[in-house]
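# A look at the structure
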Amino acid sequence: MRKPIIAGNWKMNKTPSEAKELIEALKPLVADNNEVTAVVCPTAASLLIAKRYLEGSNIHLGAQNMHWEESGAFTGEVSPVMLKEIGVEYVILGHSERRQYFAETDETVNKKVLSAIAHDLIPIMCVGETLEEREAGVTDTLVAGQVKAGLKDVAAADIAKLVIAYEPVWAIGTGKTATDEEANRVIGIIRKTVEEIAGTEAAEAVRIQYGGSMKPANVKGLMAQPEIDGGLIGGAALKAEDFSALINYQK
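Reading the values: rules and limits
- Residues numbered from 1 in each chain as written.
- Predicted model: local features only at pLDDT ≥ 70, side-chain atom pairs only at ≥ 80, totals over all residues.
- Heavy atoms only, no water.
- Helix = DSSP H or I, 4+ residues; strand = E, 2+ residues; numbered from the N terminus.
- Buried < 20%, exposed > 50% of the residue type's maximum accessible area, 1.4 Å probe, protein only.
- Contact = heavy atoms within 4.5 Å.
- Areas by Shrake-Rupley, 256 points an atom, 1.4 Å probe, with all protein chains shown as cover.
- Phe/Tyr/Trp six-rings, centres within 6.5 Å; stacked < 30°, edge-to-face > 60°.
- Lys NZ or Arg CZ within 6 Å of the ring centre and 35° of its normal.
- Expected span 1.5 Å × (residues − 1).
- Disulfide = S-S within 2.5 Å.
- Pairing = 2+ DSSP bridges.
- Right-handed = clockwise from strand over helix to strand, strands pointing away.
- Axes fitted to C-alpha atoms, helices over the stretch in contact; angles between N-to-C directions.
- Parallel < 35°, antiparallel > 145°, perpendicular 65-115°, else oblique.
- Nonpolar A, V, L, I, M, F, W, Y, C, P; charged D, E, K, R; others polar.

## A look at the overall build of the protein
Of the regular secondary structure elements, the protein holds 12 helices and eight strands. Reported as C-alpha extents along the three principal axes, the dimensions of the protein are approximately 45 × 45 × 35 Å. Residues counted as buried form 51% of the 251 residues belonging to the protein. Taking all contacts inside the protein whose residues are at least 6 apart in sequence as the whole, residues at least 24 apart take part in 73%. For the protein, the exposed surface amounts to about 11,200 Å²; the carbon and sulfur share of it is 53%.

Have a look at this one:
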């Protein structure tokens, strides 16, 4: 049985002091929930303070990005070694905004996934199609291709432990959401692709999130689908009441 995982991607929001306020508000709202893995992913500027105020709670710390090298002349980047020393456990890789605005490719995502695993960080690897790609009817092929490229040379045992987030780009920040059944169908394709490259055991173990405008109003329907193991949350992660409602969706 896969444990659901609800991760909050704060994107470029919340100063360190605001991060402290949000974490302090969130902790008591989810303190008795051990059925769901809860993760917050602040900006790099807030990771240290977030770690401090998450101490002793049941909320895990994630980062929004990282470089694949341990160190070097890569201005503005953060290395896996730095994240590990802070106490980060999860790292979002290949988010659609990184692909769209910062020229990330399947190949660079794959380098980051391999590096994260080598440094004992759990990747949340993002895949998903644009509206144009969906309308062109290439969703299934494109998403399967992103999964294969992103997981190239990753051992089956490591694939079983990571997280994949299906993010239909047309549903991120737009208020539009794939129907429960369509989200489940595409995530089923992702799981089938994992099975093809890593075997049944890995496919049954890997947790796959839905990442397109999941919110308190639609979380129960999405999470009732058999293939969906959680959500990668954007806007709804910025308010303690909303994010706790997602984490506590079973209650």
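## Thoughts on the packing of aromatic side chains
Overall, the coordinates contain one aromatic pair when judged by the stated rule. On the numbers, 6.2 Å between centres and 55° between planes, the contact of Tyr-166 with Tyr-210 is tilted. Of this pair, Tyr-166 sits in strand S6 (residues 163-166) while Tyr-210 sits in strand S7 (residues 207-210), placing them 44 residues apart in sequence. Of the two residues examined, Tyr-166 and Tyr-210, each falls in the buried class. The lysine or arginine in question, Arg-98, covers the ring of Phe-102, its NZ or CZ lying 4.3 Å from the ring centre.

## Brief notes about helix H5 (residues 106-118)
Taking 1.5 Å of rise per residue, the 13 residues of H5 would be expected to cover 18 Å, and the 18 Å separating its terminal C-alpha atoms lies within 8% of that figure. Buried within H5 we find Thr-108, Val-109, Asn-110, Lys-112, Val-113, Ser-115 and Ala-116. The first or second residue beyond H5 is Asp-120, which carries a positive phi of 60°.

## Points about the state of the cysteines
What the rule picks out here adds up to zero disulfides. Its sulfur unpaired, Cys-41 is 9.5 Å from the next cysteine sulfur, which belongs to Cys-126. In this structure Cys-41 comes out as buried when scored by relative accessible area, which is 0%.

## Quick word on the pairing of strand S4 (residues 90-93)
Burial along S4 is two-sided: Tyr-90 and Ile-92 and Val-91 and Leu-93, pointing in opposite directions, are all buried. In terms of strand pairing, strand S3 (residues 59-63) meets S4 through two bridges, oriented parallel. Within S4, the residue paired with Gly-62 across the bridge is Tyr-90. With helix H3 (residues 80-86) bridging S3 and its parallel neighbour S4, the resulting β-α-β unit is right-handed. Here four bridges tie S4 to strand S5 (residues 122-127), and the two strands are oriented parallel to one another.

## With respect to the packing of H5 against helix H7 (residues 139-150)
In the contact formed by H5 and H7, the axes pass within 8 Å of each other and the chain directions differ by 45°. Judged by the angle between their axes, H5 and H7 are oblique. From H5, Asp-106, Asn-110 and Val-113 reach across to H7, where they touch Gln-146, Ala-149 and Gly-150. A class-by-class count of the residues in the contact of H5 with H7 yields two nonpolar, three polar and one charged.

## Digging into the environment of Pro-28
By secondary structure assignment, the location of Pro-28 is in helix H1 (residues 16-30). Assessed through its relative accessible area of 57%, Pro-28 is described here as exposed. Residues Pro-28 and Ile-6, spaced 22 residues apart in sequence, show a C-alpha to C-alpha distance of 16 Å.

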